[in-house]
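Take a look at the letters that make up each chain.
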Amino acid sequence: MSLTYQYYFVNKSYPPPRDIYLNNAATSWPKPESVIRAVRDHLLAMPGESGRSTDELTLDPVQKARETVGEFFGCENPDNLIFTSGATQSLNMLIHGFAAGQGSQFHAITTDLDHNSVLRPLTTLADQRRITLSIIPSRDGYVHPADVRDEIKDDTRLLVINQGSNVIGTVQKIQEIHAVLKGTGIFLLVDGSQTAGQIPIDLSRLGADAFVFTGHKYLFGMPGTGGFWIRDPEAVQPIMQGGTGTNSADLRQPAMLPERYEAGTPNYPGIISLEAGVTYIQETGFDRIVDHQKRCINAFYEPLKDSDSMIRYHPSPDIPVFAVNIKGMDPDTAGFVLRTTYGIITRTGLHCAPLIHNQITAGKGCVRLSPSLLTDPADCQYAGEVLATLGKQVRASGM
Ligand SMILES: Cc1ncc(COP(=O)(O)O)c(C=O)c1O
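Computed from a predicted structure; not experimentally measured.

(A) Region of the structure containing the sheet that holds strand β8 (residues 226–230). The mixed open sheet is built from 7 strands, whose spatial order is β2-β8-β7-β6-β5-β3-β4. One side of each edge strand has no neighbouring strand; the edge strands of this open sheet are β2 (81–84) and β4 (131–136). Averaged over all pairs of adjacent strands, the angle between strand axes in this sheet comes to 20°, irrespective of strand direction. Pairing of strand β5 (residues 156–162) with strand β6 (residues 187–191), which is carried by 5 bridges, proceeds in the parallel orientation. Within the sheet, the bridge partner assigned to Ile161 lies in β6 and is Val190. Packing against the sheet, helix α4 (residues 87–100) makes contact with β2, β4, β5, β6, β7 (210–214) and β8, and its axis sits at approximately 155° to β7.

(B) Examining the packing of helix α3 (residues 61–72) against helix α8 (residues 268–284) more closely. Between α3 and α8, whose axes approach to 9 Å, the crossing angle comes to 35°. Handedness of the α3/α8 crossing: left-handed. From α3, Pro61, Val62, Ala65, Thr68, Val69 and Phe72 reach across to α8, where they touch Tyr268, Ile271, Ile272, Leu274, Glu275, Val278, Thr279 and Gln282.

(C) Inspection of the sheet that holds strand β10 (residues 322–326) at higher detail. Taken in spatial order, the 4 strands make up an open sheet running β9-β10-β13-β12, and their pairing is antiparallel. Two strands bound the open sheet, and with one partner strand each, they are β9 (310–312) and β12 (347–349). Strand-to-strand, the axes of this sheet are offset by a mean angle of 30°, without reference to chain direction. Taken together, the 3 bridges between β12 and strand β13 (residues 366–369) define a ladder with antiparallel strand orientation. Bridge pairing links Gly349 to Cys366 in β13. Packed on one face of the sheet, helix α10 (residues 331–342) meets β10, β12 and β13 and runs near 160° to β12. Against the sheet, helix α12 (residues 377–397) makes contact with β9, β10 and β13, and its axis sits at roughly 20° relative to β10, the strand it touches most.

Analysis parameters
Residues numbered from 1 in each chain as written. Predicted model: local features only at pLDDT ≥ 70, side-chain atom pairs only at ≥ 80, totals over all residues. Pairing = 2+ DSSP bridges. Helix = DSSP H or I, 4+ residues; strand = E, 2+ residues; numbered from the N terminus. Axes fitted to C-alpha atoms, helices over the stretch in contact; angles between N-to-C directions. Contact = placed C-beta atoms within 7 Å. Left-handed = near helix turned anticlockwise from the far one by under 90°.

By themselves, these are just geometric observations and shouldn't be taken as functional.
Written out as C-alpha coordinates, the structure is:
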(Lines give C-alpha, C1' and ligand atoms only; values in the text may rest on other atoms or scores of the structure.)
Protein backbone atom coordinates (compact mmCIF):
# COMPACT_ATOMS: atom_id res chain seq x y z
CA MET A 1 0.00 0.00 0.00
CA SER A 2 1.38 3.44 -0.93
CA LEU A 3 2.30 5.94 1.71
CA THR A 4 -0.66 8.06 0.65
CA TYR A 5 -3.17 5.35 1.33
CA GLN A 6 -1.49 4.16 4.53
CA TYR A 7 -1.77 7.69 5.86
CA TYR A 8 -5.33 8.06 4.64
CA PHE A 9 -6.56 4.92 6.32
CA VAL A 10 -4.80 5.61 9.61
CA ASN A 11 -6.15 9.15 9.86
CA LYS A 12 -9.36 8.80 7.93
CA SER A 13 -12.27 11.06 8.82
CA TYR A 14 -14.22 11.01 5.59
CA PRO A 15 -16.08 13.00 4.46
CA PRO A 16 -14.07 15.97 5.71
CA PRO A 17 -15.97 18.42 7.93
CA ARG A 18 -16.30 21.02 5.13
CA ASP A 19 -14.53 22.25 2.01
CA ILE A 20 -11.94 24.99 2.42
CA TYR A 21 -10.91 26.27 -0.98
CA LEU A 22 -7.32 27.54 -0.97
CA ASN A 23 -6.53 27.29 -4.67
CA ASN A 24 -7.32 30.80 -5.86
CA ALA A 25 -3.95 31.23 -7.58
CA ALA A 26 -5.26 28.62 -10.04
CA THR A 27 -8.79 30.01 -10.31
CA SER A 28 -10.86 31.93 -7.80
CA TRP A 29 -13.84 30.53 -5.97
CA PRO A 30 -16.35 31.55 -4.82
CA LYS A 31 -17.24 34.37 -7.20
CA PRO A 32 -19.01 37.47 -5.86
CA GLU A 33 -22.82 37.39 -6.05
CA SER A 34 -22.73 40.41 -8.37
CA VAL A 35 -20.64 38.44 -10.91
CA ILE A 36 -23.07 35.54 -10.92
CA ARG A 37 -26.02 37.92 -11.25
CA ALA A 38 -24.44 39.81 -14.16
CA VAL A 39 -23.80 36.60 -16.11
CA ARG A 40 -27.27 35.26 -15.38
CA ASP A 41 -28.94 38.53 -16.46
CA HIS A 42 -26.89 38.55 -19.63
CA LEU A 43 -27.75 34.96 -20.56
CA LEU A 44 -31.44 35.55 -19.89
CA ALA A 45 -31.54 38.58 -22.21
CA MET A 46 -31.81 38.39 -25.99
CA PRO A 47 -28.33 38.56 -27.53
CA GLY A 48 -27.56 42.03 -28.84
CA GLU A 49 -24.59 42.56 -31.11
CA SER A 50 -24.48 46.28 -31.65
CA GLY A 51 -22.30 47.19 -34.62
CA ARG A 52 -22.61 43.70 -36.11
CA SER A 53 -26.30 43.04 -36.57
CA THR A 54 -29.54 44.95 -36.90
CA ASP A 55 -29.75 45.40 -33.14
CA GLU A 56 -28.13 48.84 -33.15
CA LEU A 57 -30.06 49.94 -30.09
CA THR A 58 -28.25 47.65 -27.68
CA LEU A 59 -25.30 49.14 -25.85
CA ASP A 60 -22.24 47.11 -26.84
CA PRO A 61 -21.43 45.18 -23.63
CA VAL A 62 -17.88 44.46 -24.77
CA GLN A 63 -17.08 48.14 -25.32
CA LYS A 64 -18.67 49.00 -21.97
CA ALA A 65 -16.53 46.33 -20.26
CA ARG A 66 -13.46 47.61 -22.10
CA GLU A 67 -14.03 51.05 -20.62
CA THR A 68 -14.50 49.69 -17.08
CA VAL A 69 -11.48 47.39 -17.20
CA GLY A 70 -9.38 49.99 -19.06
CA GLU A 71 -10.10 52.60 -16.38
CA PHE A 72 -9.29 50.07 -13.64
CA PHE A 73 -5.81 49.54 -15.12
CA GLY A 74 -5.20 53.23 -15.84
CA CYS A 75 -5.26 52.87 -19.65
CA GLU A 76 -5.40 56.20 -21.43
CA ASN A 77 -7.27 54.71 -24.39
CA PRO A 78 -9.54 51.72 -23.63
CA ASP A 79 -9.23 50.53 -27.26
CA ASN A 80 -5.65 49.50 -26.46
CA LEU A 81 -7.12 46.93 -24.06
CA ILE A 82 -7.82 43.64 -25.82
CA PHE A 83 -9.98 40.79 -24.55
CA THR A 84 -8.74 37.22 -25.01
CA SER A 85 -9.45 33.80 -23.54
CA GLY A 86 -6.89 34.41 -20.79
CA ALA A 87 -3.27 35.06 -19.99
CA THR A 88 -2.02 32.08 -22.01
CA GLN A 89 -3.63 33.32 -25.20
CA SER A 90 -2.50 36.89 -24.51
CA LEU A 91 1.11 35.84 -23.94
CA ASN A 92 1.12 33.71 -27.09
CA MET A 93 -0.35 36.54 -29.16
CA LEU A 94 2.17 39.04 -27.83
CA ILE A 95 5.29 36.85 -27.90
CA HIS A 96 4.66 35.27 -31.31
CA GLY A 97 3.23 38.52 -32.68
CA PHE A 98 6.31 40.43 -31.56
CA ALA A 99 8.62 37.85 -33.13
CA ALA A 100 6.60 37.93 -36.37
CA GLY A 101 7.43 41.62 -36.75
CA GLN A 102 11.20 41.11 -36.42
CA GLY A 103 13.17 40.62 -39.62
CA SER A 104 16.01 38.64 -38.06
CA GLN A 105 16.92 36.45 -35.12
CA PHE A 106 17.05 38.42 -31.87
CA HIS A 107 17.80 37.94 -28.19
CA ALA A 108 15.00 37.69 -25.60
CA ILE A 109 15.21 37.63 -21.81
CA THR A 110 12.89 36.12 -19.22
CA THR A 111 13.23 34.91 -15.63
CA ASP A 112 13.08 31.70 -13.64
CA LEU A 113 9.91 32.97 -11.92
CA ASP A 114 7.99 32.88 -15.16
CA HIS A 115 5.13 30.54 -15.98
CA ASN A 116 5.05 27.96 -18.77
CA SER A 117 2.73 30.26 -20.69
CA VAL A 118 5.82 32.48 -21.08
CA LEU A 119 8.55 29.82 -21.08
CA ARG A 120 6.93 27.57 -23.69
CA PRO A 121 6.27 30.19 -26.40
CA LEU A 122 9.81 31.52 -25.89
CA THR A 123 11.30 28.02 -26.00
CA THR A 124 9.31 27.31 -29.17
CA LEU A 125 10.87 30.40 -30.78
CA ALA A 126 14.32 29.37 -29.54
CA ASP A 127 13.86 25.84 -30.97
CA GLN A 128 12.96 27.46 -34.30
CA ARG A 129 16.17 29.55 -34.02
CA ARG A 130 14.16 32.74 -34.26
CA ILE A 131 15.45 33.93 -30.88
CA THR A 132 18.29 33.27 -28.50
CA LEU A 133 17.02 33.15 -24.93
CA SER A 134 18.47 34.10 -21.55
CA ILE A 135 16.70 33.14 -18.34
CA ILE A 136 17.67 35.27 -15.36
CA PRO A 137 17.67 33.47 -11.99
CA SER A 138 15.78 35.34 -9.29
CA ARG A 139 17.46 35.85 -5.92
CA ASP A 140 15.30 35.29 -2.82
CA GLY A 141 12.24 35.60 -5.03
CA TYR A 142 13.22 38.85 -6.74
CA VAL A 143 14.69 39.73 -10.11
CA HIS A 144 17.43 42.29 -9.56
CA PRO A 145 17.55 45.16 -12.08
CA ALA A 146 21.37 44.83 -12.21
CA ASP A 147 20.99 41.19 -13.31
CA VAL A 148 18.71 42.35 -16.12
CA ARG A 149 21.21 45.03 -17.16
CA ASP A 150 24.05 42.46 -17.23
CA GLU A 151 22.05 40.24 -19.58
CA ILE A 152 21.32 42.91 -22.22
CA LYS A 153 23.13 42.36 -25.53
CA ASP A 154 23.29 44.40 -28.73
CA ASP A 155 20.48 42.34 -30.24
CA THR A 156 18.21 42.12 -27.16
CA ARG A 157 14.72 43.22 -28.20
CA LEU A 158 12.31 41.57 -25.74
CA LEU A 159 12.02 41.14 -21.96
CA VAL A 160 9.12 39.09 -20.63
CA ILE A 161 8.76 39.22 -16.88
CA ASN A 162 6.40 37.83 -14.28
CA GLN A 163 5.03 40.52 -11.97
CA GLY A 164 3.65 38.32 -9.20
CA SER A 165 4.94 34.80 -8.61
CA ASN A 166 2.27 32.11 -8.65
CA VAL A 167 4.55 29.94 -6.47
CA ILE A 168 5.98 32.17 -3.74
CA GLY A 169 3.92 35.36 -3.97
CA THR A 170 6.75 37.83 -4.57
CA VAL A 171 5.96 40.96 -6.59
CA GLN A 172 8.64 42.44 -8.84
CA LYS A 173 9.45 46.16 -8.92
CA ILE A 174 8.64 46.63 -12.59
CA GLN A 175 9.42 50.36 -12.63
CA GLU A 176 12.99 49.69 -11.43
CA ILE A 177 13.43 47.03 -14.08
CA HIS A 178 12.01 49.38 -16.70
CA ALA A 179 14.59 51.98 -15.65
CA VAL A 180 17.52 49.76 -16.72
CA LEU A 181 15.92 49.30 -20.16
CA LYS A 182 15.88 53.05 -20.83
CA GLY A 183 17.30 53.93 -24.23
CA THR A 184 17.63 50.28 -25.33
CA GLY A 185 14.32 50.03 -27.22
CA ILE A 186 13.69 46.64 -25.55
CA PHE A 187 9.99 45.72 -25.50
CA LEU A 188 8.90 45.11 -21.90
CA LEU A 189 6.09 42.56 -21.58
CA VAL A 190 4.70 42.04 -18.06
CA ASP A 191 2.69 38.99 -16.98
CA GLY A 192 0.24 40.33 -14.40
CA SER A 193 -1.80 37.12 -14.04
CA GLN A 194 -1.24 36.96 -10.30
CA THR A 195 -1.24 40.69 -9.57
CA ALA A 196 -4.36 41.95 -11.38
CA GLY A 197 -6.90 42.41 -8.61
CA GLN A 198 -4.27 41.86 -5.89
CA ILE A 199 -2.34 45.15 -6.14
CA PRO A 200 -3.21 48.50 -7.74
CA ILE A 201 -1.90 48.65 -11.32
CA ASP A 202 -1.53 51.93 -13.20
CA LEU A 203 -0.43 51.21 -16.75
CA SER A 204 0.21 54.89 -17.42
CA ARG A 205 3.13 54.67 -14.95
CA LEU A 206 4.24 51.02 -14.87
CA GLY A 207 6.73 51.30 -17.74
CA ALA A 208 5.47 48.20 -19.56
CA ASP A 209 4.99 48.14 -23.33
CA ALA A 210 2.40 45.41 -22.91
CA PHE A 211 0.65 43.98 -19.85
CA VAL A 212 -1.17 40.66 -19.62
CA PHE A 213 -3.98 39.82 -17.21
CA THR A 214 -6.26 36.89 -16.59
CA GLY A 215 -9.92 37.26 -15.66
CA HIS A 216 -10.63 34.11 -13.66
CA LYS A 217 -8.22 34.52 -10.77
CA TYR A 218 -8.26 37.67 -8.63
CA LEU A 219 -10.51 39.66 -10.97
CA PHE A 220 -13.27 37.13 -10.15
CA GLY A 221 -14.39 36.57 -13.74
CA MET A 222 -15.18 33.26 -15.41
CA PRO A 223 -12.50 30.84 -16.67
CA GLY A 224 -11.61 31.57 -20.29
CA THR A 225 -11.39 35.34 -19.77
CA GLY A 226 -8.57 37.85 -19.67
CA GLY A 227 -6.70 40.09 -22.02
CA PHE A 228 -3.80 42.41 -22.57
CA TRP A 229 -2.99 46.05 -22.94
CA ILE A 230 -0.54 47.27 -25.55
CA ARG A 231 1.02 50.71 -25.84
CA ASP A 232 2.04 50.63 -29.52
CA PRO A 233 0.26 48.04 -31.67
CA GLU A 234 2.84 48.52 -34.44
CA ALA A 235 5.25 46.46 -32.30
CA VAL A 236 3.11 43.30 -32.39
CA GLN A 237 1.67 41.65 -35.49
CA PRO A 238 -1.80 40.11 -35.16
CA ILE A 239 -1.37 36.35 -35.32
CA MET A 240 -5.10 35.68 -35.49
CA GLN A 241 -7.37 36.89 -38.27
CA GLY A 242 -11.13 36.68 -38.70
CA GLY A 243 -14.46 38.45 -38.62
CA THR A 244 -14.73 41.74 -36.76
CA GLY A 245 -18.08 43.05 -37.99
CA THR A 246 -16.22 46.04 -39.49
CA ASN A 247 -14.61 46.64 -42.94
CA SER A 248 -15.96 43.26 -44.02
CA ALA A 249 -15.16 43.79 -47.72
CA ASP A 250 -11.45 43.95 -46.85
CA LEU A 251 -9.79 40.52 -46.73
CA ARG A 252 -7.02 41.86 -44.53
CA GLN A 253 -7.33 42.16 -40.75
CA PRO A 254 -8.24 45.77 -39.85
CA ALA A 255 -5.25 47.72 -38.54
CA MET A 256 -7.22 49.69 -35.95
CA LEU A 257 -7.73 48.71 -32.34
CA PRO A 258 -9.27 46.63 -30.91
CA GLU A 259 -10.11 44.79 -34.17
CA ARG A 260 -6.41 44.31 -34.95
CA TYR A 261 -6.31 41.60 -32.28
CA GLU A 262 -9.96 40.63 -31.66
CA ALA A 263 -11.56 38.36 -34.26
CA GLY A 264 -14.61 36.14 -33.96
CA THR A 265 -17.63 36.28 -31.70
CA PRO A 266 -16.57 37.63 -28.30
CA ASN A 267 -17.10 35.65 -25.12
CA TYR A 268 -19.95 37.91 -24.03
CA PRO A 269 -20.83 36.23 -20.70
CA GLY A 270 -17.16 35.89 -19.84
CA ILE A 271 -16.37 39.53 -20.57
CA ILE A 272 -19.45 40.60 -18.61
CA SER A 273 -18.30 38.47 -15.66
CA LEU A 274 -14.89 40.12 -15.84
CA GLU A 275 -16.41 43.59 -15.84
CA ALA A 276 -18.58 42.70 -12.83
CA GLY A 277 -15.52 41.29 -11.02
CA VAL A 278 -13.52 44.45 -11.66
CA THR A 279 -16.43 46.58 -10.44
CA TYR A 280 -16.55 44.45 -7.27
CA ILE A 281 -12.85 45.13 -6.65
CA GLN A 282 -13.24 48.86 -7.32
CA GLU A 283 -16.11 49.01 -4.84
CA THR A 284 -14.12 47.07 -2.24
CA GLY A 285 -11.00 49.24 -2.66
CA PHE A 286 -7.35 48.25 -2.40
CA ASP A 287 -7.02 49.47 1.21
CA ARG A 288 -9.42 46.75 2.30
CA ILE A 289 -7.92 44.21 -0.08
CA VAL A 290 -4.38 44.75 1.21
CA ASP A 291 -5.57 44.65 4.82
CA HIS A 292 -7.33 41.33 4.14
CA GLN A 293 -4.20 39.93 2.46
CA LYS A 294 -2.09 40.79 5.52
CA ARG A 295 -4.58 39.10 7.80
CA CYS A 296 -4.50 35.94 5.66
CA ILE A 297 -0.69 35.87 5.56
CA ASN A 298 -0.35 36.33 9.33
CA ALA A 299 -3.13 33.86 10.10
CA PHE A 300 -1.51 31.14 7.97
CA TYR A 301 2.10 31.53 9.06
CA GLU A 302 1.53 32.21 12.78
CA PRO A 303 0.81 28.52 13.67
CA LEU A 304 3.84 27.49 11.59
CA LYS A 305 6.35 29.93 13.00
CA ASP A 306 7.89 27.52 15.53
CA SER A 307 7.43 24.38 13.46
CA ASP A 308 10.66 22.62 12.57
CA SER A 309 8.86 19.91 10.62
CA MET A 310 7.76 22.28 7.85
CA ILE A 311 9.64 23.96 5.01
CA ARG A 312 8.31 27.45 4.23
CA TYR A 313 9.64 28.75 0.93
CA HIS A 314 8.93 32.47 1.20
CA PRO A 315 7.10 33.11 4.46
CA SER A 316 6.76 36.87 3.91
CA PRO A 317 5.11 37.04 0.46
CA ASP A 318 3.91 40.31 -1.08
CA ILE A 319 0.63 38.68 -2.10
CA PRO A 320 -0.92 35.73 -0.22
CA VAL A 321 0.47 32.70 -2.04
CA PHE A 322 1.92 30.18 0.43
CA ALA A 323 4.46 27.55 -0.65
CA VAL A 324 5.29 24.83 1.88
CA ASN A 325 6.34 21.23 2.28
CA ILE A 326 6.04 18.85 5.19
CA LYS A 327 9.44 17.37 5.91
CA GLY A 328 9.41 13.66 5.11
CA MET A 329 6.20 13.74 3.04
CA ASP A 330 6.00 14.36 -0.70
CA PRO A 331 3.76 17.28 -1.73
CA ASP A 332 1.18 15.17 -3.59
CA THR A 333 0.65 12.99 -0.53
CA ALA A 334 0.37 16.06 1.68
CA GLY A 335 -2.20 17.58 -0.72
CA PHE A 336 -4.17 14.34 -0.73
CA VAL A 337 -4.28 14.18 3.06
CA LEU A 338 -5.23 17.85 3.34
CA ARG A 339 -8.09 17.31 0.90
CA THR A 340 -9.45 13.99 2.07
CA THR A 341 -9.02 14.33 5.80
CA TYR A 342 -9.36 18.06 6.39
CA GLY A 343 -11.30 19.34 3.34
CA ILE A 344 -8.50 21.74 2.42
CA ILE A 345 -8.11 22.19 -1.34
CA THR A 346 -4.62 23.17 -2.47
CA ARG A 347 -2.52 22.73 -5.57
CA THR A 348 0.56 20.54 -5.42
CA GLY A 349 3.46 19.96 -7.80
CA LEU A 350 5.31 22.45 -9.99
CA HIS A 351 2.49 24.96 -10.60
CA CYS A 352 3.49 25.34 -14.28
CA ALA A 353 6.56 27.26 -13.11
CA PRO A 354 9.25 24.55 -13.20
CA LEU A 355 12.32 26.80 -13.13
CA ILE A 356 11.64 28.46 -9.79
CA HIS A 357 10.94 24.99 -8.43
CA ASN A 358 14.37 23.86 -9.66
CA GLN A 359 15.80 26.61 -7.51
CA ILE A 360 13.72 26.25 -4.34
CA THR A 361 12.46 22.65 -4.17
CA ALA A 362 15.10 20.93 -6.32
CA GLY A 363 12.33 20.28 -8.85
CA LYS A 364 10.29 18.19 -6.37
CA GLY A 365 7.38 20.62 -6.11
CA CYS A 366 5.48 21.79 -3.06
CA VAL A 367 2.03 22.41 -1.64
CA ARG A 368 0.62 25.80 -2.58
CA LEU A 369 -2.21 27.41 -0.64
CA SER A 370 -3.77 30.60 -1.96
CA PRO A 371 -6.71 32.47 -0.41
CA SER A 372 -8.65 35.27 -2.12
CA LEU A 373 -10.50 38.32 -0.90
CA LEU A 374 -13.48 36.02 -0.32
CA THR A 375 -11.55 33.63 1.95
CA ASP A 376 -12.10 33.88 5.69
CA PRO A 377 -8.66 34.49 7.31
CA ALA A 378 -9.78 31.96 9.96
CA ASP A 379 -9.57 29.30 7.22
CA CYS A 380 -5.94 30.29 6.58
CA GLN A 381 -5.26 29.89 10.29
CA TYR A 382 -6.95 26.48 10.27
CA ALA A 383 -4.80 25.39 7.31
CA GLY A 384 -1.65 26.56 9.13
CA GLU A 385 -2.68 24.66 12.28
CA VAL A 386 -3.47 21.50 10.32
CA LEU A 387 -0.08 21.63 8.58
CA ALA A 388 1.73 22.18 11.89
CA THR A 389 -0.07 19.15 13.35
CA LEU A 390 0.57 17.01 10.27
CA GLY A 391 4.23 17.97 10.35
CA LYS A 392 4.47 16.79 13.95
CA GLN A 393 2.64 13.55 13.18
CA VAL A 394 4.86 12.76 10.21
CA ARG A 395 7.96 13.43 12.26
CA ALA A 396 6.68 11.26 15.16
CA SER A 397 5.76 8.41 12.83
CA GLY A 398 9.22 8.47 11.25
CA MET A 399 7.61 8.53 7.78
C1 LIG B 1 1.83 33.67 -13.60
C2 LIG B 1 0.81 33.08 -14.53
N3 LIG B 1 0.87 33.34 -15.84
C4 LIG B 1 -0.04 32.84 -16.70
C5 LIG B 1 -1.05 32.01 -16.28
C6 LIG B 1 -2.06 31.47 -17.28
O7 LIG B 1 -3.31 32.05 -17.07
P8 LIG B 1 -4.63 31.62 -17.86
O9 LIG B 1 -5.27 30.55 -17.05
O10 LIG B 1 -5.49 32.86 -17.88
O11 LIG B 1 -4.24 31.20 -19.22
C12 LIG B 1 -1.16 31.71 -14.92
C13 LIG B 1 -2.23 30.80 -14.42
O14 LIG B 1 -2.02 29.74 -13.94
C15 LIG B 1 -0.20 32.26 -14.02
O16 LIG B 1 -0.26 31.99 -12.72
